[in-house]
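Architecture at a glance
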Amino acid sequence: MPLELFNTLSGKNEPLFASDGHALRFYCCGPTVYDYGHIGNFRTFLHVDVLRRAARLNGLALHHVMNITDVDDKIIRNASAAGKPIGEYSARFERAFFEDMDALNIEQPEDIARATENIPGMVSLIERLASEDIAYKAEDGSWYFRIARFPGYGKLSGKDLEGIEDGARVDLDEYEKDSARDFALWKATKPGETSWETPLGPGRPGWHIECSAMAMKYLGNSFDLHAGGEDLMFPHHENEIAQSEAATHEPFARHWFHVRFLLVEGKKMSKSEGNFFTLRDLLLKGYRASAIRFLLLSVPYRHQLNFTFDGLIESTNAVDRLRTFNDRIRKSTWPDTPPTDDSLTSLIRKGDLDFTAALNNDLNTAEARAAIFDVLRAVNTAADQSRLTRFDAEETLALLNKFDSIFAVLEDRDAELTRAALTWAEAEGRMADVSPEVLETFGTGSLTDAGIDALVAERTQAKQQRNFARADAIRNELLEKGILLEDSKEGVRWKRK
Ligand code: AMP
Ligand code: ZN
């Protein structure tokens, strides 16, 4: 079965294909870089990452574009509060965003498009709409999109447009979700605000126009897929369709992919609830980047995921089990005898088929992950009972490679990433957010004797639990800090190099 995905526009599962016969051309709404990304944002970017990886597994080449919203109401407000130009203010959070994406093993899109570097394309799109009187200029110099002139308005979100008032306007980037109104394409700016001199008059772009202009610049008027979190369906994506299709008279994106919002401890994430977390917050508390990735992918993208700390601990254990298993199969020598146990070979092959079928069924990450754990249990048992042959071990490793081409959690960079978060916390004066365990394990530069003892004890325990991946990671981490371990009959001794 080829990869099928739910299409918000048609309300059905549809096969995913490259309409130009070459590469899957898709666009994902990127971050507004006014602050650090939170784990809700990363749930969306992680599932888009899985979409990329699954498309590749199905033989599709990729042309993925993501925008960076580096001018909007919030950026202007925050930059002015910080007394900085918006470019300087947003560059810092853009850098942090890409560091976080890397920590979560999220692949880079083929093209990154910054709003502030694409103003001329937005202006010409608005001019095109103005030439047909679909865009109009208001008294204050702002330009608006006349939604009554686009009969398809509402087709993505299913909004009923009965009773909308022609000419009722809204000029905020964020506005009430239940009102359909003429929206700002170009905003006249107040004195002192960042603004561009253009044929439309001085001002800055509205949020929606940037995605239409940049998607079409890189991908053409019509392309394969457009992605984002579910909150973007209306008004943002509805407005993107209206602006683009009204200008080109061609269908904009064929397929719309929306990721359901993340809940944290059962509630909508918010600073006032105390359940708002950035990736950095969690790393400083001692949670591992790999476990966060695995947890955020544990529930399929259209289902609600309730992020909890218990879930995060389970996810840490699950990643450890997979790494230990991977090491065990990879590092041991298995007898080169013909498989005696046909049922094991067929079980591994069934795991492979189930894994691919689950992914291809609208990216069912939960079932894909379950298929791998079925194989892990059976192969571990066979290995314990000396029934595992080299042939079956190789089949297993091929499946683990396929699994990791999607989930990307087997390589252990966790200690290195936590250390990078610590360096950041030191530079930003955020050491108060670092948990005592992290401080003890990683120190603030050089390890204390007690910290080394604790790590050595953790390594011994990991070895007893056959968690060799963790044990090796600790040895390497200590080595990097100049600590040598010597295993002896009496136990483990350490010395500084
Ligand atoms: P923003 O930086 O607010 O423009 O958001 C970047 C991306 O994260 C968008 O695709 C949003 O839809 C998505 N997003 C924001 N909050 C959440 C959440 N709680 N759960 C899932 N996705 C989210
Ligand atoms: Zn967008």
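Given the structure is predicted, the values throughout are model-derived calculations rather than measurements.

Digging into the domain arrangement of the chain
- Annotation of the chain at the domain level lists domain 1 (4-259) and domain 2 (267-407).
- Placing the centre of domain 1 and that of domain 2 at their C-alpha centroids yields a distance of 34 Å.
- Residue-level contacts link 31 residues of domain 1 with 30 residues of domain 2.
- Roughly 2700 Å² is buried in total at the junction of domain 1 and domain 2, and carbon and sulfur atoms are behind 64% of that figure.
- Between Arg-280 and Asp-100 there is a salt bridge, with its nearest N and O atoms 3.1 Å apart.
- The interface formed by domain 1 and domain 2 holds 16 residue pairs in polar contact (both at pLDDT 80 or more) in total.
- Counting residues per element, the ones that place at least two in the side of domain 1 that touches domain 2 are strand S1 (4-7), helix H1 (39-57), helix H3 (86-103) and strand S12 (253-259).
- Broken down by element, the residue count for the side of domain 1 that touches domain 2 peaks at twelve residues, all from H1.
- Partitioned by chemical class, the residues of the side of domain 1 that touches domain 2 number 16 nonpolar, eight polar and seven charged.

A word on the coordination of the zinc ion (ligand 2)
- For the zinc ion (ligand 2), the full set of protein donor atoms is Cys-29 (SG), Cys-211 (SG) and His-236 (NE2), at a range of 2.0 to 2.2 Å.
- Within one chain, the residues donating to the zinc ion (ligand 2) are spaced in sequence as C-x181-C-x24-H. Taken together, the residues Cys-29 in the loop between strand S3 (23-28) and H1 and Cys-211 in helix H5 (residues 207-219) connect sequence positions 182 residues apart. Taken individually, Cys-29 and Cys-211 each receive the classification buried, so the pair is uniform in this respect.

Some points on empty space enclosed by the protein
- Enumeration over the complete set of coordinates arrives at two cavities of 30 Å³ or more.
- In this structure, the largest cavity spans a volume of roughly 90 Å³.
- In this structure, the largest cavity is lined by 13 residues; those nearest its centre are Ala-103, Asn-105, Ser-290, Glu-411 and Asp-414.
- For the lining of the largest cavity, the elements supplying multiple residues, two or more each, are helix H8 (289-296) and helix H13 (414-428).

What about the sheet that holds S12?
- One open sheet holds the five strands; their spatial order is S5-S4-S3-S11-S12, and the pairing between them is parallel. The open sheet terminates on both sides in strands that have one partner only, identified here as strand S5 (111-114) and S12. Pairwise comparison of adjacent strand axes, ignoring direction, gives a mean angle of 20 degrees for this sheet.
- For strand S11 (residues 223-229) and S12, the ladder comprises six bridges, and the chain directions are parallel. Across the sheet, the residue bridging to Gly-229 is Val-259, located in S12.
- Across the sheet, H5 is in contact with S3, strand S4 (61-68), S5 and S11; its angle to S4 comes to roughly 150 degrees.

Focus on the site of ligand 1
- Residues in contact with ligand 1 amount to 15 residues; listed here are only the nearest, Gly-40, Thr-44, Gly-229, Asp-231 and Leu-262.
- The separation between a nitrogen atom of ligand 1 and a polar side-chain atom of Thr-44 is 2.7 Å.
- Protein burial of ligand 1: of its 490 Å² of free accessible surface, 90% is covered by the chains.
- Applying the majority rule of atoms within 2 Å of the grid points places ligand 1 in the largest pocket.
- Elements represented by at least two residues in the shell around ligand 1 include exactly H1 and S11.
- Counting residues per element, the shell around ligand 1 draws most heavily on H1, which supplies four residues.
- Per-class residue counts for the shell around ligand 1 are five nonpolar, eight polar and two charged.

Criteria and thresholds
Residues numbered from 1 in each chain as written. Chains lettered and ligands numbered in written order. Predicted model: local features only at pLDDT ≥ 70, side-chain atom pairs only at ≥ 80, totals over all residues. Heavy atoms only, no water. Domains from an automatic or database assignment. Contact = heavy atoms within 4.5 Å. Buried area = accessible area lost by both parts, 1.4 Å probe. Salt bridge = Lys/Arg side-chain N within 4 Å of Asp/Glu carboxyl O. Polar contact = N/O pair within 3.5 Å; in protein donor to acceptor, adjacent residues only side chain to side chain. Helix = DSSP H or I, 4+ residues; strand = E, 2+ residues; numbered from the N terminus. Nonpolar A, V, L, I, M, F, W, Y, C, P; charged D, E, K, R; others polar. Donors = N, O, S within 2.8 Å, 3.2 Å for Na, K, Ca; no water. Buried < 20%, exposed > 50% of the residue type's maximum accessible area, 1.4 Å probe, protein only. 1 Å grid on protein atoms, 1.4 Å probe; cavity = no way out; pocket = protein on both sides within 12 Å on 5 of 7 lines; lining within 4 Å. Points joined across faces, edges and corners; volume = space filled by probe spheres on them. Pairing = 2+ DSSP bridges. Axes fitted to C-alpha atoms, helices over the stretch in contact; angles between N-to-C directions. Near = heavy atom within 4 Å. Areas by Shrake-Rupley, 256 points an atom, 1.4 Å probe, with all protein chains shown as cover. Sits in = over half its atoms within 2 Å of the grid points.

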